[in-house]
Amino acid sequence: MLKKNIRAIDALEEAQRIAFAPFIFQTTVALRELGVLTFIFDRRLQGGASLEDIAEMTNVSEYGIGVLLELAESTGIVAINEAQKYELTKTGYFLNYDKAVNVNINFANDVCYKGMFHLLEAIKTGTPAGLPELGNWPTIYDGLSQLPPEIQKSWFEFDHHYSDDIFDEGLQRVFESNPKTIFDIGGNTGKFAIRCCHNNANVHVKIIDLPGQLSKALANANKEGFGNRVSGFEIDWLAPNPQLPKGADTIWMSQFLDCFSEKDILNILKACVAIMDTDTELLITETFTDRQKFDNAKFVLEATSLYFTALANGNSKMYPSEVFIRLIQEAGLHIERDISLGEYHTLFICKKSSH
Ligand SMILES: C[S@@+](CC[C@H](N)C(=O)[O-])C[C@H]1O[C@@H](n2cnc3c(N)ncnc32)[C@H](O)[C@@H]1O
């Protein structure tokens with residue numbers, strides 16, 4: 001994304017956009033919530049929407065709609081046509097209708113916006129200094145099950161959006177070795193465990209997570225009728241000397257290790273090695289910053305890192321693959337297969353090294 005040869009006037013414009021980025025963001029949120037972007041789009045075949053029409057539709061003053069639309073126009077979210085009516089630009093269209101963009105807006109607004117104000121303090125102290133904006137927990141994961149419903153919804157939609165799409169391919173890979181018992185570490189809401197049970201009539205899944213998440217995951221598995229095949233094991237990976245029970249043929253970790261610092265990742269991997277034999281498979285799926293085809297995807301991952309810094313735990317991030325490759329080897333594992341899943345994910349199938 002290096003724009004070395006950019007003209008000074010364009011660089012200054014970009015700098016001013018960054019200076020007022022929170023204003024543009026909140027303008028977008030307000031226009032979306034008021035239904036203005038949808039209204040303008042729906043009027044595209046009638047030559048756009050006038051300020052008066054929009055104010056009437058929203059029951060908001062022309063002043064209020066006017067200030068929002070002025071900034072939206074100068075930042076390319078809407079355009080004004082010759083008849084002085086508003087039309088949606090391509091950017092405005094994506095802001096209103098693209099699923100990934102909307103998941104990101106909701107996550108940024110509901111989960112991160114207030115906490116991000118404390119980013120500098122988080123960077124200096126190595127603690128999630130923005131987390132008290134949401135609640136009093138050591139990490140966001142301790143509080144996930146207690147978040148207010150709207151904030152929780154945005155968190156889970158963000159989480160699921162970045163893993164749901166690869167679950168089909170992930171399942172195929174998991175069942176290639178015909179496991180009887182799968183450990184889903186960081187199993188979260190139980191989605192993957194439930195998918196495993198639908199996919200195979202005999203498999204047992206043990207979800208391994210913090211107590212609050214675990215009880216929700218097990219309740220979901222029960223609701224699906226898999227109470228007899230999905231069990232749980234409570235763990236806090238940040239407590240001293242965490243250990244896993246034995247009995248896994250396959251260990252699955254999806255978008256899990258990025259929630260930890262390098263030191264903690266190594267401890268987790270070593271705890272896995274301690275219960276693995278040479279046949280046990282450890283499957284790790286992640287979105288690595290250095291394995292993205294598009295700059296846009298790399299940008300989203302690097303922005304997500306700052307959520308970990310300011311809100312989640314103060315010391316984790318979205319990693320480049322070389323960090324994981326090094327930690328996997330240090331833990332006493334080797335990567336048997338390095339597979340890309342979907343557009344953004346990598347799957348490492350690891351086994352215990354013999355030496
Ligand atoms: C980003 S979610 C991954 C969800 C799921 N595997 C997926 O692919 O959508 C991370 C999971 O790790 C769990 N987790 C985070 N910190 C933990 C800790 N200290 N001990 C145990 N589990 C933890 C969270 O509760 C959550 O379920």
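(A) Region of interest: the site of the ligand. Around the ligand there are 18 residues in total, and Tyr141, Ser163, Gly186, Asn188 and Ser254 lie nearest to it. Its residues assigned to classes, the shell around the ligand shows 8 nonpolar, 7 polar and 3 charged.

(B) Region of the structure containing the domain arrangement of the protein. The assigned domain composition of the protein is domain 1 (8-97) and domain 2 (160-352). On a C-alpha basis, the centres of domain 1 and domain 2 stand 41 Å from each other.

(C) Quick look at the packing of helix H4 (residues 51-58) against helix H5 (residues 62-74). Remark: H4 packs on H5, axes separated minimally by 9 Å, with the N-to-C direction vectors making an angle of 120°. In this structure, H4 crosses over H5, and the sense of that crossing is right-handed. For the pair H4 and H5, the contacting residues are Leu51, Glu52, Ile54, Ala55 and Thr58 in the first and Glu62, Ile65, Gly66 and Leu69 in the second. Class assignment of the residues belonging to the contact of H4 with H5 gives a composition of 5 nonpolar, 2 polar and 2 charged.

(D) Spatial organisation of the pairing of strand E3 (residues 181-185). In terms of burial, E3 is largely enclosed, as 4 of its 5 residues are buried. Sheet analysis places E3 next to strand E4 (residues 204-209), joined by 5 bridges and oriented parallel. Each residue of the ladder has a partner; that of phenylalanine 183, found in E4, is lysine 206. Regarding topology, helix H12 (residues 191-199) serves as the crossover connection from E3 to the parallel E4, and that connection is right-handed. In this sheet, strand E6 (residues 250-254) lies alongside E3 in parallel orientation, the contact comprising 3 bridges.

(E) Structural detail: the nonpolar core. Counting residues in each nonpolar core, the largest one holds 70 residues, and the members touching the most others are Ala193 and Ile251. Ranked by the residues each element gives to this core, the list is headed by helix H15 (residues 295-312), at 6 residues. In contact with alanine 193, not counting residues within four places along its chain, are Asp184, Gly187, Val205, Ile207, Ala217, Ala221 and Val230. Leu37, Ile40, Ala72 and Ile77 belong to the second largest nonpolar core, which has 15 residues in total.

(F) Region of interest: the packing of helix H7 (residues 99-112) against helix H10 (residues 149-161). At a minimum axis distance of 9 Å, the contact between H7 and H10 shows a crossing angle of 140°. Comparing the axis directions of H7 and H10 gives the class oblique. Crossing geometry of H7 relative to H10 is assigned as left-handed. For the pair H7 and H10, contact is made by Ala100, Val103, Asn106, Phe107, Asp110 and Val111 and by Glu150, Ile151, Ser154, Trp155, Glu157, Phe158 and His161, respectively. The residue inventory of the contact of H7 with H10, partitioned by class, reads 7 nonpolar, 3 polar and 3 charged.

(G) Structural context of H10. Taking 1.5 Å as the rise per residue, H10 with 13 residues should run 18 Å; its terminal C-alpha atoms sit 18 Å apart, in good agreement. Here H10 has its buried residues at Ser154, Trp155 and Phe158. The buried side chains of H10 occupy one side of the element, clustering within an arc of 100° when seen end-on. Turning to H10, the residues buried within the fold contact H7.

(H) The arrangement of the sheet that holds E3 in detail. Reading across from one edge, E5-E4-E3-E6-E7-E9-E8 is the order of the 7 strands in this open sheet, with mixed pairing throughout. A strand with exactly one partner marks an edge of an open sheet, and here the two such strands are strand E5 (230-234) and strand E8 (333-341). Along the sheet, successive strands turn relative to each other by an average axial angle of 20°, direction set aside. In terms of strand pairing, E8 meets strand E9 (residues 345-352) through 8 bridges, oriented antiparallel. Looking at the pairing, histidine 334 lines up with lysine 351 of E9. Contacting E4 and E5, helix H13 (residues 211-223) crosses the sheet at an angle of about 175° to E5. On the sheet, helix H16 (residues 321-330) packs against strand E7 (281-286), E8 and E9 and is oriented at approximately 150° with respect to E8.

Parameters and conventions
- Residues numbered from 1 in each chain as written.
- Predicted model: local features only at pLDDT ≥ 70, side-chain atom pairs only at ≥ 80, totals over all residues.
- Near = placed C-beta within 6 Å.
- Nonpolar A, V, L, I, M, F, W, Y, C, P; charged D, E, K, R; others polar.
- Domains from an automatic or database assignment.
- Axes fitted to C-alpha atoms, helices over the stretch in contact; angles between N-to-C directions.
- Helix = DSSP H or I, 4+ residues; strand = E, 2+ residues; numbered from the N terminus.
- Left-handed = near helix turned anticlockwise from the far one by under 90°.
- Contact = placed C-beta atoms within 7 Å.
- Buried ≥ 20, exposed ≤ 12 C-beta atoms within 10 Å, placed from the backbone.
- Pairing = 2+ DSSP bridges.
- Right-handed = clockwise from strand over helix to strand, strands pointing away.
- Core = buried A, V, L, I, M, F, W, Y, C linked by C-beta atoms within 7 Å.
- Parallel < 35°, antiparallel > 145°, perpendicular 65-115°, else oblique.
- Expected span 1.5 Å × (residues − 1).
- Arc of directions from axis to C-beta.

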